[in-house]
Amino acid sequence: DVKVTQSSRYLVKRTGEKVFLECVQDMDHENMFWYRQDPGLGLRLIYFSYDVKMKEKGDIPEGYSVSREKKERFSLILESASTNQTSMYLCASSLDPVLGAGTEAFFGQGTRLTVV
Amino acid sequence: AQSVAQPEDQVNVAEGNPLTVKCTYSVSGNPYLFWYVQYPNRGLQFLLKYITGDNLVKGSYGFEAEFNKSQTSFHLKKPSALVSDSALYFCAVRDELLSGSARQLTFGSGTQLTVLP
C-alpha cells in the first residue's frame, strides 16, 4: 500500500519560531509537493521538488523554504512562524513532475499547524 | 491562466438520492481535469480524471463525472448517495498549454457534501 507520511498531525508553535514540517514517501517518486489548505481557498501550492536538492516555487512561497536532501523526504520550513501561517499543510508525491499531467497524486494525512 | 470554480460551498442530499457536485473551469488549451475527495482528518484521495476520450468518466466508489467542453464543466455525479460519501470534494484543472511553475494543478475551493440518513 502506497504511503505518504507527515510526521505530525497537529502542531502548535509560537510566533517567531522556526518550524519544520516533515514528509516521507515510500513510492520512490522523484516529485514531491507542499500545499496549504484554507477554507474557501482550496489547496494552494507552496513549493515542489522534482529531484533531490532541486526545488521550484509554487504560487505562495513567501515565508517558506524547503529542503530535499533525500529522495524520500521533503521538508517544509517556516523560518519565522507568523499567525497568518496557521493552516492545514498537505504533502503529496507523484510520478509526474507536473501534478495533473496524467497520473494521480498521493497525499499525506495533513499537518494542522496553529501559530499563536 | 487556468482557474476552476466550485460554486457551492455545501451540498446536502438524502441517502439514496442522486448527487451532483458542480465544477467549472477556464483554460486556454485543452484541460486535464481531476476530482479528489477528503474524508475527515485524512489527506486527499484521487477519485477520477479526464485527460481525453469519452466525456463520461467513471471513478472510484461509484462516482462518475461528465466533461462538457461547451459549458466548460466537469460535474461529479453519483446515482445513489451513501452516508459514507459525506466528505469534502475538490475539483482540479491543469491547462496543457502552460509551462514552467504555472503548469501545476489548480484546485477549486472545495464543496462539502453531506448525505443525510
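Residues numbered from 1 in each chain as written. Chains lettered and ligands numbered in written order. Predicted model: local features only at pLDDT ≥ 70, side-chain atom pairs only at ≥ 80, totals over all residues. Heavy atoms only, no water.

A.B. asks: Mind showing me how you'd approach the state of the cysteines here?
C.D. replies: The term disulfide refers to a covalent linkage connecting the sulfur atoms of a pair of cysteines. Taken as a whole and judged by the stated rule, the model has two disulfides over all chains. Note on cysteine connectivity: Cys23(A) is disulfide-linked to Cys91(A), with sulfurs 1.9 Å apart. Residues Cys23(A) and Cys91(A) are joined through a disulfide that is left-handed, its torsion about the S-S bond being -75°. One end of the pair, Cys23(A), is in strand E3 (residues 19-25); the other, Cys91(A), is in strand E9 (residues 87-94), and 68 residues separate them in sequence. According to the relative accessible area criterion, Cys23(A) is buried, its value standing at 0%. Disulfide pairing is shown between Cys23(B) and Cys91(B); the S-S distance is 2.0 Å. One quick way to see it: the torsion about the S-S bond of Cys23(B) and Cys91(B) is about -60°, and its sign makes the bridge left-handed. With Cys23(B) in the loop between strand E3 (19-21) and strand E4 (24-26) and Cys91(B) in strand E10 (residues 87-95), this residue pair connects regions lying 68 residues apart in the sequence. (Disulfide = S-S within 2.5 Å. Helix = DSSP H or I, 4+ residues; strand = E, 2+ residues; numbered from the N terminus. Buried < 20%, exposed > 50% of the residue type's maximum accessible area, 1.4 Å probe, protein only.)

A.B. asks: What am I meant to see in the sheet that holds strand E8 (residues 73-78) of chain A here?
C.D. replies: The pairing of strands in a sheet happens through backbone hydrogen bonds and is either parallel or antiparallel. Residue and element names in this part refer to chain A. Sheet architecture is open: four strands sit in the order E1-E3-E8-E7, paired in antiparallel fashion. Of all strands in the sheet, those bounded by a partner on one side alone are strand E1 (4-6) and strand E7 (64-70). Here the average twist between neighbouring strands, direction ignored, is 20°. Alignment of E3 against E8, held across six bridges, turns out to be antiparallel. In the sheet register, Leu 21 faces E8, and the bridge partner there is Leu 76. (Pairing = 2+ DSSP bridges. Axes fitted to C-alpha atoms, helices over the stretch in contact; angles between N-to-C directions.)

A.B. asks: Please clarify how the interface of chain B and chain A should be interpreted in this entry.
C.D. replies: Accessible area lost upon the coming together of the parts serves often as the stated size of an interface. Facing 22 residues of chain B, the contacting portion of chain A comprises 26 residues. Buried surface at the junction of chain B and chain A, summed over both partners, amounts to about 1,800 Å²; 53% is from carbon and sulfur atoms. When the area that chain B buries against chain A is broken down by residue, the three leading residues are Leu44(B), Gln104(B) and Phe107(B), summing to 28%. Here chain B is connected to chain A by two residue pairs in polar contact (both at pLDDT 80 or more). Looking at the side of chain B that touches chain A, the elements with two or more residues in it are strand E5 (31-38), strand E6 (44-50) and E10 of chain B. Tallying contributions element by element places E5(B) first for the side of chain B that touches chain A, with four residues. (Contact = heavy atoms within 4.5 Å. Buried area = accessible area lost by both parts, 1.4 Å probe. Polar contact = N/O pair within 3.5 Å; in protein donor to acceptor, adjacent residues only side chain to side chain.)

A.B. asks: What is the right way to read the layout of surface pockets from this model?
C.D. replies: Where empty space is left can be seen by rolling a probe of water-molecule size over the atoms. What the largest pocket holds in volume is close to 450 Å³. As for the largest pocket, its lining consists of 25 residues, of which Gln37(A), Met88(A), Arg112(A), Gln38(B) and Leu88(B) are closest to the centre. Counting residues per element, the ones that place at least two in the lining of the largest pocket are strand E4 (31-38) and E9 of chain A together with E10 of chain B. Among the elements that make up the lining of the largest pocket, the one with the highest residue count is E10(B) (three residues). Across the lining of the largest pocket, the residue classes break down as eight nonpolar, twelve polar and five charged. (1 Å grid on protein atoms, 1.4 Å probe; cavity = no way out; pocket = protein on both sides within 12 Å on 5 of 7 lines; lining within 4 Å. Points joined across faces, edges and corners; volume = space filled by probe spheres on them. Nonpolar A, V, L, I, M, F, W, Y, C, P; charged D, E, K, R; others polar.)

A.B. asks: Can you help me understand the packing of aromatic side chains in this one?
C.D. replies: The relation between two aromatic rings is expressed through the spacing of the ring centres and the mutual angle of the planes. All names here are of chain A. Counting across every chain of the model gives 14 aromatic pairs over all chains. When the centroid spacing of 6.0 Å and the interplanar angle of 65° are considered together, the rings of Tyr 64 and Tyr 89 count as edge-to-face. Taken as a pair, Tyr 64 in strand E7 and Tyr 89 in strand E9 lie far apart in primary sequence, 25 residues in all. Assessed through its relative accessible area of 0%, Tyr 89 is described here as buried. (Phe/Tyr/Trp six-rings, centres within 6.5 Å; stacked < 30°, edge-to-face > 60°.)

A.B. asks: Even after reading the chapter, I still don't get the nonpolar core, so can you show me in this structure?
C.D. replies: The tendency in soluble globular proteins is for nonpolar side chains to be buried side by side. Trp35(B), Leu47(B), Leu48(B), Phe74(B), Leu76(B) and Tyr89(B) are the most contacted members of the largest nonpolar core, which has 28 residues in total. Elements represented by at least two residues in this core include exactly strand E2 (10-14), E3, E5, E6, strand E8 (64-68), strand E9 (73-78), E10 and strand E12 (111-116) of chain B. Per-element tally for this core: the top contributor is E10(B), with four residues. Residue contacts for Tyr89(B): discarding those within four places in its chain leaves Gln6(B), Trp35(B), Tyr36(B), Val37(B), Leu47(B), Phe63(B), Leu76(B), Gly110(B), Thr111(B) and Leu113(B). One finds Leu21(A), Trp34(A), Tyr64(A) and Cys91(A) within the second-largest nonpolar core, a separate group that totals 21 residues. (Core = buried A, V, L, I, M, F, W, Y, C linked by side-chain atoms within 4.5 Å.)

A.B. asks: Mind showing me how you'd approach the environment of Phe106(A) here?
C.D. replies: All names here are of chain A. Within the element layout of this structure, Phe 106 appears in strand E10 (residues 106-107). Residue Phe 106 is classed as partly exposed on the basis of its relative accessible area, which comes to 25%. Considering only alpha carbons, one finds Phe 106 and Ser 94, twelve residues apart in sequence, at a separation of 6.4 Å.

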